[in-house]
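Breakdown of the fold
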Amino acid sequence: MADRSGFWTTPPEALAGEGIVVRLLPPVPQIMVSGDLDGFAAAHGLPPPLGLLAATAGPRYALRLARNRMLAVGIGLDPAAGGWVDGAALTPMTGALAVIGITGENAMALVARATAIDPRRPSASAALMFAGATAALCRHDGGLRLHLDRGLVPWLMSWCAATDLFRAPGN
Amino acid sequence: MQIFSCPFCGPRPEYEFHFGGDLGNHRPEGFDAVPDQKWADYLYFRNNPKGMAREVWMHLTCGEMFSMTRDTVTMEAAPGEALAEGQP
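My aim in this report is to walk through the structure given alongside it, one point at a time. It should be emphasised that the depicted structure is a prediction, and the values quoted were computed from it without experimental measurement. (Residues numbered from 1 in each chain as written. Chains lettered and ligands numbered in written order. Predicted model: local features only at pLDDT ≥ 70, side-chain atom pairs only at ≥ 80, totals over all residues. Heavy atoms only, no water.)

1. Quick look at the sheet that holds strand β7 (residues 83-85) of chain A
All names here are of chain A. Strand order in this open sheet of 5 strands is β5-β6-β3-β8-β7, and the pairing throughout is antiparallel. Bordering the open sheet on either side are β5 (61-66) and β7, each of which pairs with just one other strand. When strand polarity is set aside, the average angle formed by the axes of neighbouring strands in this sheet is 30 degrees. Two elements, β5 and strand β6 (residues 69-73), share 5 bridges in a ladder whose sense is antiparallel. Pairing of Ala-66 across the sheet is with Arg-69, part of β6. (Pairing = 2+ DSSP bridges. Helix = DSSP H or I, 4+ residues; strand = E, 2+ residues; numbered from the N terminus. Axes fitted to C-alpha atoms, helices over the stretch in contact; angles between N-to-C directions.)

2. Some remarks on the interface of chain A and chain B
The interface of chain A with chain B comprises 17 residues on the first partner and 16 residues on the second. Both faces combined, the contact of chain A with chain B buries some 1,300 Å², and carbon together with sulfur accounts for 58% of it. Three residues, Arg67(A), Ala116(A) and Met129(A), lead the burial of chain A against chain B; their summed loss comes to 48% of the area buried on that side. For the pair chain A and chain B, the number of links is 1 salt bridge. The shortest N-O distance in the salt bridge between Glu64(B) and Arg67(A) comes to 2.6 Å. The tally of links from chain A across to chain B stands at 7 residue pairs in polar contact (both at pLDDT 80 or more). For the side of chain A that touches chain B, the secondary structure elements donating two or more residues are β5 and β10 (127-130) of chain A. Here the residues of the side of chain A that touches chain B are counted per class, giving 10 nonpolar, 4 polar and 3 charged. (Contact = heavy atoms within 4.5 Å. Buried area = accessible area lost by both parts, 1.4 Å probe. Salt bridge = Lys/Arg side-chain N within 4 Å of Asp/Glu carboxyl O. Polar contact = N/O pair within 3.5 Å; in protein donor to acceptor, adjacent residues only side chain to side chain. Nonpolar A, V, L, I, M, F, W, Y, C, P; charged D, E, K, R; others polar.)

3. Digging into the pattern of salt bridges
Residues and elements named next belong to chain B. Scanning the entire structure with this criterion turns up 6 salt bridges over all chains. One salt bridge connects Arg-54 with Glu-81, and the closest N-O pair in it is separated by 3.5 Å. Taken together, the residues Arg-54 in strand β4 (residues 52-59) and Glu-81 in strand β6 (residues 81-82) connect sequence positions 27 residues apart. The class for Arg-54 is partly exposed, based on a relative accessible area of 39%. A residue is classified by how much of its surface remains accessible, and Glu-81, at 40% relative accessible area, is partly exposed. (Buried < 20%, exposed > 50% of the residue type's maximum accessible area, 1.4 Å probe, protein only.)

4. Describing the side chain of Ser5(B)
Residues and elements named next belong to chain B. Note on placement: Ser-5 falls in strand β1 (residues 3-6). Classification of Ser-5 by relative accessible area gives buried; the value is 19%. Excluding its chain neighbours within four sequence positions, the residues that come into contact with Ser-5 are Gly-10, Pro-11, Phe-17, Phe-66, Pro-79 and Gly-80.

5. Observations concerning the nonpolar core
Residue and element names in this part refer to chain A. If you look at the biggest cluster of nonpolar residues, it comprises 30 residues, and the most contacted ones within it are Ile-100, Ile-102, Leu-110, Phe-130 and Leu-137. Contributing elements (two or more residues each) for this core: β2 (20-24), β9 (97-103), α2 (107-114), β10, β11 (133-140), β12 (143-149) and α3 (153-162). Among the elements that make up this core, the one with the highest residue count is α3 (5 residues). Grouped together as the second largest cluster of nonpolar side chains are 14 residues, Val-28, Leu-71, Leu-97 and Val-99 included. (Core = buried A, V, L, I, M, F, W, Y, C linked by side-chain atoms within 4.5 Å.)

6. Points about the pairing of strand β3 (residues 30-35) of chain A
All names here are of chain A. β3 sits mainly inside the fold: 5 of its 6 residues count as buried. As judged from the 5 bridges shared by β3 and strand β8 (residues 88-92), these two strands associate in the antiparallel manner. From the neighbouring strand, Gly-35 faces β8, where its bridge partner is Ala-88.

7. Some remarks on unusual backbone geometry
Positive phi, close to 50 degrees, is recorded for Asp86(A), a residue that is not glycine. Mapped onto the fold, Asp86(A) is located in the loop between β7 and β8. Exposure remark for Asp86(A): the relative accessible area of 74% places this residue in the exposed category. Phi is positive for Phe31(B), close to 50 degrees, though the residue is something other than glycine.

Okay, structure coming up:
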């Protein structure tokens, strides 16, 4: 069989510009939880789910995605253990959602190019359209974390690389 | 950029929303017994008022379906109202 791998460019897993670094993080354990969010959070010692651009730290946190849905981060789930459990529908998302770390003093400049949200206005849901793709965004350990469909990571990296934040001067 | 207001998330940019049709345009019940004109009204005819319109919208990122009153002349949009019973 012909080797067609050369037909496609391989996007980088990290990009660095002036005052900004965008990096695909190693797989982060995640579970999509729908239903009894308070019950799940209490059973797993999770803090209340965060809204858009809310600040968190450490490996365990939760992001509110919708009225009755959140993303529990830092907790893994065996696919066989998913489904309806104690009033909540659990779906393992570690493989489905990539986590991209955005750090540096110009991190919010990338957000300004990717969305038209007002970063000073709190919102109950961390979900947003980021560069045209549905994702969830929060502040984490002084930087930003973007939870995005893993299949869209090459697209996002290409999009980031095309912004002036990563372009070499004169290009 | 127009700002719409999701009943759950609050104000968000317009590109996060999708139009869902006239509020109150319910699917006719009765299948074969429904006359052609009624199906046509449901599927193809819109109110298209000049002025205040009551519409269904969806916030794509959180999946919330809600009703919104929008002025089709001035484009002024009131905050969305949740369709689910008992929701603020």
